[in-house]
Amino acid sequence: MNLKEDDELCRRALQSGTVLLYHKLSPLLQRTDRGGYKLPIFQVSVVNGMLEKLGKDAEVINSSVLVGCSDSLLAQFCLEVAELEQNAVEELCQGVFTDLRKAFFLLRSSEVPLVTRGQALLRWHQTHSYCSATGKPTQRNQAGSQRVCHSSGITYYPQMAPVVIVLVSDGERCLLARQPAFPRGMYSALAGFCDMGETVLETLRREVAEEVGLEVESAQYSSSQHWPFPQSSLMVACHATVSPGSSQINLSGAELEDARWFTLQEVQEALQRNSPPRDIKGEANVFWVPPSSAIANQLIQEWANQQLKS
Ligand SMILES: NC(=O)C1=CN([C@@H]2O[C@H](COP(=O)(O)OP(=O)(O)OC[C@H]3O[C@@H](n4cnc5c(N)ncnc54)[C@H](O)[C@@H]3O)[C@@H](O)[C@H]2O)C=CC1
Ligand SMILES: [Mg+2]
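For clarity, every value in this text was computed on a predicted model and none was experimentally measured.

Chemist: What am I meant to see in the site of ligand 1 here?
Modeler: The full set close to ligand 1 counts 19 residues, and Phe193, Glu211, Trp227, Phe229 and Glu255 are the nearest of them. For ligand 1, an oxygen atom lies 3.3 Å from a polar atom in the side chain of Glu207. For ligand 1, whose free accessible area comes to 850 Å², the fraction covered by protein is 66%. When each cavity is represented as a set of grid points, ligand 1 is found to reside in the largest pocket.

Chemist: Honestly, the nonpolar core in this entry has me stumped. Any pointers?
Modeler: Nonpolar side chains tend toward joint burial in soluble globular proteins. Ranked by size, the top nonpolar core spans 42 residues in total, and within it Ile165, Leu167, Leu176 and Val267 carry the most contacts. Counting residues per element, this core draws most heavily on helix H9 (residues 295-309), at six residues. If you count residues domain by domain, this core takes at least three from each of domain 1 (7-125) and domain 2 (161-308). If you look at the next biggest cluster of nonpolar residues, it comprises 22 residues, including Leu21, Ile61, Ala75 and Leu84.

Chemist: Teacher, can you tell me more about the coordination of the magnesium ion (ligand 2) here?
Modeler: Geometry reference: four tetrahedral donors at a metal, ideal angle 109.5 degrees. Six octahedral donors, ideal angles 90 or 180 degrees. Distances from the magnesium ion (ligand 2) to its protein donors, namely Ala191 (O), Glu211 (OE) and Glu255 (OE), fall within the range 2.0 to 2.1 Å. For the magnesium ion (ligand 2), the donor residues sit on a single chain with the sequence spacing A-x19-E-x43-E. Residue Ala191 is found in strand E13 (residues 190-193), and its partner Glu255 is found in the loop between strand E15 (233-241) and strand E16 (258-262); the two are separated by 64 residues along the sequence. Given a relative accessible area of 27%, Ala191 falls into the partly exposed group. The class of Glu255 is partly exposed, set by a relative accessible area of 37%.

Chemist: Just to check I follow, could you spell out unusual backbone geometry for this structure?
Modeler: Leaving glycine aside, a negative phi is the common case for residues, and trans is the common case for peptide bonds. The omega torsion across Phe229 and Pro230 is -15 degrees, close enough to zero to call that bond cis. Tracing the sequence through the fold places Pro230 in the loop between strand E14 (218-227) and E15. Even without being glycine, Lys24 reaches a positive phi, approximately 50 degrees. Inspection of the secondary structure puts Lys24 in the loop between strand E1 (18-23) and strand E2 (26-31). Taking the relative accessible area as the measure of exposure, Lys24 reaches 63% and is therefore exposed. Backbone geometry places Gln94, a non-glycine residue, at a positive phi of 50 degrees. Looking at the element boundaries, Gln94 is found in the loop between helix H4 (86-93) and strand E7 (96-97). What makes Gln94 exposed here is its relative accessible area of 64%.

Analysis parameters
The residue numbers shown here count from 1 along each chain, following its written sequence. Chains and ligands are labelled by the order in which they are written, letters from A for the one and numbers from 1 for the other. The model is predicted, so local features are restricted to residues of pLDDT at least 70 and side-chain atom pairs to those at 80 or more, both for listing and for counting; the totals for chains, interfaces and linings are taken over all residues. Side-chain measures were taken over the full set of non-hydrogen atoms in the model, leaving aside hydrogen atoms and water. The near set for a molecule or strand comprises every residue that places at least one heavy atom within 4 Å of it. For the purposes of these results, a polar contact is taken to be a pair of N or O atoms within 3.5 Å, where, inside protein, one atom must be able to donate a hydrogen and its partner to accept one; residues adjacent in sequence count only when each atom of the pair is a side-chain atom. In this description, accessible areas are obtained by the Shrake-Rupley approach with a 1.4 Å probe, and a residue is regarded as covered only by the protein chains that are shown. Cavities and pockets are defined on a 1 Å grid built over the protein atoms alone: a cavity is a set of grid points where a 1.4 Å probe fits but cannot escape, while a pocket is an open set with protein on both sides within 12 Å along at least five of seven lines, and lining residues are those with an atom within 4 Å of any such point. The way we define it, a molecule is inside a pocket or cavity when more than half of its atoms are within 2 Å of that pocket's grid points. By nonpolar core we mean a set of buried residues, namely Ala, Val, Leu, Ile, Met, Phe, Trp, Tyr and Cys, connected to one another through side-chain atoms within 4.5 Å. A 1.4 Å probe rolled over the protein chains alone gives each residue an accessible area, and that area as a share of the maximum for its type sets the label: buried under 20%, exposed over 50%, partly exposed in between. The helix count covers DSSP runs of H or I at least four residues long, the strand count covers runs of E at least two residues long, and both are numbered beginning at the N terminus. For every domain, the bounds stem from an assignment made automatically or drawn from a database. Here the term donor refers to an N, O or S atom within 2.8 Å of the metal (or 3.2 Å for Na, K and Ca), and because water is left out of the atoms, sites may appear incomplete.

Given below as structure tokens:
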């Protein structure tokens, strides 16, 4: 917390901290010996060395934004290097800048929260460099935890839009749906943004009614997750039930391409597949679910475990 409030302290923490690199909001990933990918976290001295080799001003490092603190209490920062030559950075850092949606599937679940938080903060800075009241430039503090317009006195803080994501069950089956933009074969839980002033339960009931025409009987909170798409959301994950007698799906609006009830067996098979399945080529109809780093996967796992118990 002190690092957010105290510019000088934060500047010092940066000198001994670690940095994640992004190029136009795509994080740098490195290949592992086992053919997978990992998220490299660089010592600031390494990034400074890289800047020097590229003939860049050492001041660039000061535009890093504080993302968090490691288990060993080292401050962690993220840095947008869009002004540097992408290939040159990739070569020097032995990595590849990778679209975040792809990185989601490539990284371990434990690496995902950090990489998404970094991108969300960098994106927020890029889109809040002007005051929406005066149109004048805003100034960030050293940590990048706020921006101030000195003309209007308004302080801006990074924002998240609340979203409810809900796995609906009729007791025997669970309801999963797909949007046209989803990768082929992938189905997920229903989701929707909270309207201004709504409670989580009101959003949940409205979204289920709007998207699939069902009336929720009961609902229960499960957990939450930060989600970087399309801007920055706080996903509030819930389970809900509908009465088995009123489970007729009625797709409405253009948002969903399909919504279906899936049995426990179908869901278990999907959970065991890779996300996305490697053998997807030619198999247009193979059903799979979001990867374990997505909260939808966690809801589906919880539902399957609950069904197995009962
Ligand atoms: N983490 C996960 O496992 C999953 C995450 N999601 C995410 O949940 C979010 C919401 O799901 P949707 O079904 O798309 O929402 P939705 O059902 O509310 O429909 C999206 C529409 O809502 C409107 N909207 C209202 N407030 C908005 C805001 N603050 N930002 C953007 N659009 C807003 C827009 O017109 C947009 O086209 C998406 O960002 C999606 O990526 C969805 C499924 C799984
Ligand atoms: Mg939706």
